[in-house]
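Analysis of the macromolecular model
As a plain string of letters, each chain reads:
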Amino acid sequence: MNKPEIRATVLAELKRIAPEIEESELAPASPLREQVDLDSMDWLNFLVALHERLKVDIPEADYARLGTLDQTVDYLARKLGAR
Amino acid sequence: MIEFKLPSLGADMEEGKLLEWKVKPGDTVKRGDVVAVVDTSKAAVDVEIWQDGVVQELVTQPGETIPVGTVMARLLSAGEGPVKAERKKISPAARKRAAELGVDVEKLAGTGPEGAVTLEDVEKQAKPTAAAPAVDRAAEMRKAIAAAMSRSKREIPHYYLSETVPLGRALAWLEAENARRALPERLLMAALFLKATAAACTEFPEMNGHYREGAFHPGAGVHVGVAISLRQGGLVAPALHDVQDKSLSEVMKGLTDLVKRARAGSLRSSEMSDPSITVTNLGEGGVETVFGVIYPPQVALVGFGAVKQNAVVASLSGDHRVSDGHRGALFLGAIARRLQEPEKL
């Protein structure tokens, strides 16, 4: 899976949790949770969905590395590339 | 004969609109089965039945809006024979017209002599009703919240207490626990808050239950109403049942499912009517202390603010008709104490 595909997956899962978001309105380098108003439960559900779609494990200790949309895509790309 | 009536699905509900029957005449139902979907001002709710029986007649039709307490269906209890319905009085012309228009005359209330169904009754029934204007869900929900909260502030003499609870141990335990759990099994601090509150309720039963007709009725179990904000605005606080008996994993699983269904608009009637205490967690937005409004007929609400510097402010809104500040303080202390031993929750 390449980066644009990972990005599309991330956005699709984000939209399942926050259907009202518009991709064009998302600032990819700004904090994701604040922009999309994801509470802890939304965030966990988002990560569980990514885990199930992409078969990657995301330790809780790594949550801080998924601060923005760009960081999330980069993190997942590294994880998938390393496999 | 069992009369299945539209239940009250919360203090703020006066009427509901039947969206769909999940059963038909002749079906056997068991206690706890979902038999209908009813739209309240807050959400579409799966309504359960609380007796076993066989459906004999569906009285309410989908699309009808009816007050709480209206008979929606009649059922035969186990061993009861079918009741032969009295044949409807109807003029031959009306019967013919009803057949042409596809109107079920048995369901019509006749306005003629001795309740006979007239031609006019049939035609009136057949006339298509004007399409109802689209419901403004957000406005309806705001009205429902306004009604419940106004009643609360009018009737319940609230008192408020707060306590800063150290969370160092709970945070360390949660981190270690989550490190060994697969992603879908991980816990949120919210699950610990719910369980600690429910456990404390078993020590302080006067915080858990309903105040009705001038008296307090303790809850049979600790059914914690979880305040869930909806993305489109407004909130619901459906019950997570018997939290005192659940493990943290079960609480977390129940919470995840409840939030998902609340946001998808798929709650069950018992979840709407059963909460015996509410827990609200407003720390996500950085709030330090919650000063909650009790959801009647409940008698207490526990609030949690943001987890900062290894601590959280837990607050209690208590009903002074049922408990006093001293007991409230001990109750908050019990919640705090239980959060110091997360492994025992």
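Residues numbered from 1 in each chain as written. Chains lettered and ligands numbered in written order. Predicted model: local features only at pLDDT ≥ 70, side-chain atom pairs only at ≥ 80, totals over all residues.

**Brief notes about the overall build of chain B**
Condition: We count a stretch as a helix when DSSP gives it H or I for four or more residues in a row; a strand needs E for two or more, and each element gets its number in order from the N terminus. Exposure classification rests on a simple neighbour count of other C-beta atoms within 10 Å of a residue's own: a residue reaching 20 or more is buried, one at 12 or fewer is exposed, and one in between is partly exposed. C-beta atoms are placed from the backbone. Placing a C-beta atom from the backbone of each residue, one calls two residues in contact when those atoms lie within 7 Å.
Helix and strand content of chain B: 8 helices and 19 strands. Over its C-alpha atoms, taken along the principal directions, chain B stretches across nearly 80 × 45 × 40 Å. Taking all 345 residues of chain B together, 37% fall into the buried category. Pairs at least 24 apart in sequence give 63% of the contacts found in chain B among residues at least 6 apart.

**Thoughts on the overall build of chain A**
Basically, it comes down to this: We compute the radius of gyration over the C-alpha atoms and compare it with the globule rule, which gives 2.2 Å times the number of residues raised to the power 0.38.
Within chain A one finds 4 helices and 0 strands. Against the compact-globule benchmark of 12 Å for 83 residues, chain A has a radius of gyration of 12 Å, which places it among compact chains. Judged by the C-alpha coordinates and their principal axes, chain A covers about 35 × 25 × 20 Å.

**Overview of the domain arrangement of chain B**
Residues and elements named next belong to chain B. Heads up, the rule is: Here the bounds of each domain stem from an automatic or database domain assignment.
In terms of domain boundaries, chain B breaks down into domain 1 (2–126) and domain 2 (138–344). Measuring from the centre of the C-alpha atoms in domain 1 to the corresponding centre in domain 2 gives 37 Å. Taken together, the contact pairs 15 residues of domain 1 with 20 residues of domain 2. For the side of domain 1 that touches domain 2, the leading source of residues is strand 5 (residues 44–48), giving 5 residues.

**Section: the pairing of strand 19 (residues 311–319) of chain B**
Residue and element names in this part refer to chain B. Note the threshold: Here a strand pair is declared whenever DSSP counts at least two bridges between the two strands.
Among the 9 residues of strand 19, 7 are classified as buried, and the element is accordingly described as predominantly covered. Relative to strand 19, strand 9 (residues 158–166) runs antiparallel, the two sharing 9 bridges. When the sheet's bridge partners are listed, Thr 164 is paired in strand 19 with Val 313. With 5 bridges connecting them, strand 18 (residues 300–304) and strand 19 associate as antiparallel partners. Bridge assignment links Val 302 to a residue of strand 19, and that residue is Leu 316. From the end of strand 18 to the start of strand 19, which pair antiparallel, there are 6 residues, and Gln 309 there has a positive phi angle of about 45°.

**A short note on the confidence of the model for chain B**
Defined as follows: The predictor rates its confidence in each residue with pLDDT, a number between 0 and 100.
When pLDDT is averaged along chain B, the result is 90, and 95% of the positions lie at 70 or above. Note on the complex model: pTM 0.80, ipTM 0.88.

**As for the pairing of strand 8 (residues 71–76) of chain B**
Residue and element names in this part refer to chain B. Where strand 1 (residues 2–5) meets strand 8, 4 bridges bridge the pair, whose relative direction is antiparallel. Counted as the bridge partner of Lys 5 is Val 71 from strand 8. Of the pairings in the sheet, the one linking strand 6 (residues 53–58) to strand 8 comprises 4 bridges and is antiparallel in character. Following the sheet pairing, Leu 58 is matched in strand 8 by Ala 73.

**Quick look at the interface of chain A and chain B**
We apply this condition: For this scheme, ten residues count as nonpolar: Ala, Val, Leu, Ile, Met, Phe, Trp, Tyr, Cys and Pro. Four count as charged, namely Asp, Glu, Lys and Arg, and the remainder, Gly too, count as polar.
Contacts between chain A and chain B engage 13 residues on the former and 12 residues on the latter. For the side of chain A that touches chain B, a count of residues per class yields 7 nonpolar, 2 polar and 4 charged.

**Structural notes on unusual backbone geometry**
All names here are of chain B. In the segment running from Pro 296 into Pro 297, the intervening peptide bond is cis, with an omega of 5°. When you line up the elements, Pro 297 lands in the loop between strand 17 (277–281) and strand 18. Unusually for a residue other than glycine, Glu 213 sits at a positive phi of about 45°. Position of Glu 213 relative to the elements: it lies in the loop between strand 10 (209–212) and strand 11 (215–218). Phi at Gln 309 takes a positive value of approximately 45°, unusual for a residue other than glycine. For Gln 309, the location among the structural elements is in the loop between strand 18 and strand 19.

**Some thoughts on the nonpolar core**
Residue and element names in this part refer to chain B. Put simply, the rule reads: Under the definition applied here, buried Ala, Val, Leu, Ile, Met, Phe, Trp, Tyr and Cys residues are grouped into a nonpolar core through C-beta atoms within 7 Å.
Counting 88 residues, the largest nonpolar core has Ala 191, Leu 194, Val 224, Val 226, Leu 240 and Leu 255 as the members making the most contacts within it. Split by domain, this core shows at least three residues from each of two domains, domain 1 (2–126) and domain 2 (138–344). Core analysis: the next-biggest nonpolar cluster, separate from the first, contains 6 residues, Ile 90, Ala 94, Ala 98 and Val 122 among them.

**Section: the sheet that holds strand 1 of chain B**
Think of a sheet as strands paired side by side through backbone hydrogen bonds, with each pair either parallel or antiparallel. Strand order in the open sheet formed by 4 strands is 1-8-6-3 (chain B), and the pairing between neighbours is antiparallel. The open sheet is flanked by strand 1 and strand 3 (28–29) of chain B, the only strands paired with a single partner.

**Let's talk about the environment of Leu 19 of chain B**
All names here are of chain B. If you trace the backbone, Leu 19 turns up in strand 2 (residues 15–21). Note: C-alpha distance between Leu 19 and Pro 296 (277 residues apart in sequence) is 27 Å. Non-local contacts of Leu 19, meaning those with residues more than four positions away in its chain, are made with Val 37, Val 38, Asp 39, Ala 44 and Pro 62.

**Some thoughts on the sheet that holds strand 5 of chain B**
All names here are of chain B. An order of 7-2-4-5-16 is seen for the 5 strands of this open sheet, with the pairing classed as mixed. Taken across any chain shown, the strands that pair with only one partner, and hence form the sheet edges, are strand 7 (65–67) and strand 16 (267–268). Across 2 bridges, strand 5 lies against strand 16 in parallel orientation. Directly across from Asp 46, in strand 16, lies its bridge partner Arg 268.

**Observations regarding the packing of helix 1 (residues 92–101) of chain B against helix 2 (residues 119–126) of chain B**
All names here are of chain B. The following threshold applies: The axes used here are C-alpha line fits, helices contributing only the stretch in contact, and every angle between their N-to-C directions lies in the interval 0 to 180 degrees. For classification, angles of less than 35 degrees are called roughly parallel, those exceeding 145 degrees roughly antiparallel, those between 65 and 115 degrees roughly perpendicular, and all remaining angles oblique. Helix crossings get a hand from a simple test, with the near helix turned counterclockwise from the far one by less than a right angle marking a left-handed crossing and a clockwise turn marking a right-handed one.
For the pair helix 1 and helix 2, interaxial distance at closest approach is 8 Å and the crossing angle is 15°. By the angle between their directions, the pair helix 1 and helix 2 is classed as roughly parallel. Regarding helix 1 and helix 2, the two cross each other, and that crossing is right-handed. Where helix 1 approaches helix 2, its residues Ala 93, Ala 94, Arg 97, Ala 98 and Leu 101 are matched on the opposing element by Leu 119, Asp 121, Val 122, Glu 123 and Ala 126. Broken down by class, the residue content of the contact of helix 1 with helix 2 amounts to 7 nonpolar, no polar and 3 charged.

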